[in-house]
Amino acid sequence: MNSNKCPICRRPTDPVNAPFCGRGCKDRDLLQWLGEGYRLPGPPVDPNGLDSGKDAD
């Protein structure tokens, strides 16, 4: 894998916006995270435990 290419559009990276080619791709990546377009794997969550009003401690 060539680390000198933008992970969004595959153009050469810009050192100011690394690892992206520019501000546009950098913003697109951020919007994916904020819009839940990217997800990290993890254990299943018990839906009955969500919003129960109890502290996690």
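The structure this text deals with has already been given above.
Here is a short report on the structure shown in this document. What you are looking at is a predicted structure, and each value in this text was computed from that prediction instead of being measured.

Time to look at the overall build of the protein. Secondary structure assignment for the protein yields 1 helix and 0 strands. For the protein, the proportion of its 57 residues judged to be buried stands at 12%. Accessible surface computed for the protein: about 5200 Å², of which carbon and sulfur atoms make up 53%.

Turning our attention to the environment of P12. Its location among the elements puts P12 in the segment before helix 1 (23-34). Residue P12 is classed as exposed on the basis of its relative accessible area, which comes to 63%. For P12 and G22, which are 10 residues apart along the polypeptide, the C-alpha to C-alpha distance reads 9.4 Å. With near-sequence residues (within four places) excluded, P12 lies in contact with N4 and C21.

Between its terminal C-alpha atoms helix 1 stretches 16 Å, which fits the 16 Å expected from 12 residues at 1.5 Å a residue. Directly beyond the C-terminal end of helix 1, a positive phi value near 60° is found at E36.

Take a nonpolar patch on the surface next. Taken together, the side chains of L30, L31 and L34 define a hydrophobic patch exposed on the protein surface, amounting to about 330 Å² of accessible area. Tracing the chain through its elements places L31 in helix 1. A relative accessible area of 59% places L31 in the exposed class.

Moving on: the side chain of D29. Tracing the sequence through the fold places D29 in helix 1. Nearest to the buried, unbridged D29 among oppositely charged side chains is R28, at 8.7 Å. With near-sequence residues (within four places) excluded, D29 lies in contact with I8, F20 and Y38.

Right, let's talk about the pattern of salt bridges for a bit. In total, this model carries 1 salt bridge according to the counting rule given. Note that D27 and R23 form a salt bridge whose closest N and O atoms lie 3.2 Å from each other. In this pair, D27 and R23 are both assigned in helix 1, 4 residues apart and thus about one turn of the helix distant. Overall, D27 belongs to the partly exposed group, its relative accessible area being 31%.

Conventions used here
Residues numbered from 1 in each chain as written. Predicted model: local features only at pLDDT ≥ 70, side-chain atom pairs only at ≥ 80, totals over all residues. Heavy atoms only, no water. Helix = DSSP H or I, 4+ residues; strand = E, 2+ residues; numbered from the N terminus. Buried < 20%, exposed > 50% of the residue type's maximum accessible area, 1.4 Å probe, protein only. Areas by Shrake-Rupley, 256 points an atom, 1.4 Å probe, with all protein chains shown as cover. Contact = heavy atoms within 4.5 Å. Expected span 1.5 Å × (residues − 1). Patch = residues over 30% accessible without salt bridge, like charges linked within 9 Å, V, L, I, M, F, W, Y side chains within 5 Å. Salt bridge = Lys/Arg side-chain N within 4 Å of Asp/Glu carboxyl O. Lys, Arg positive; Asp, Glu negative; His and termini not counted.

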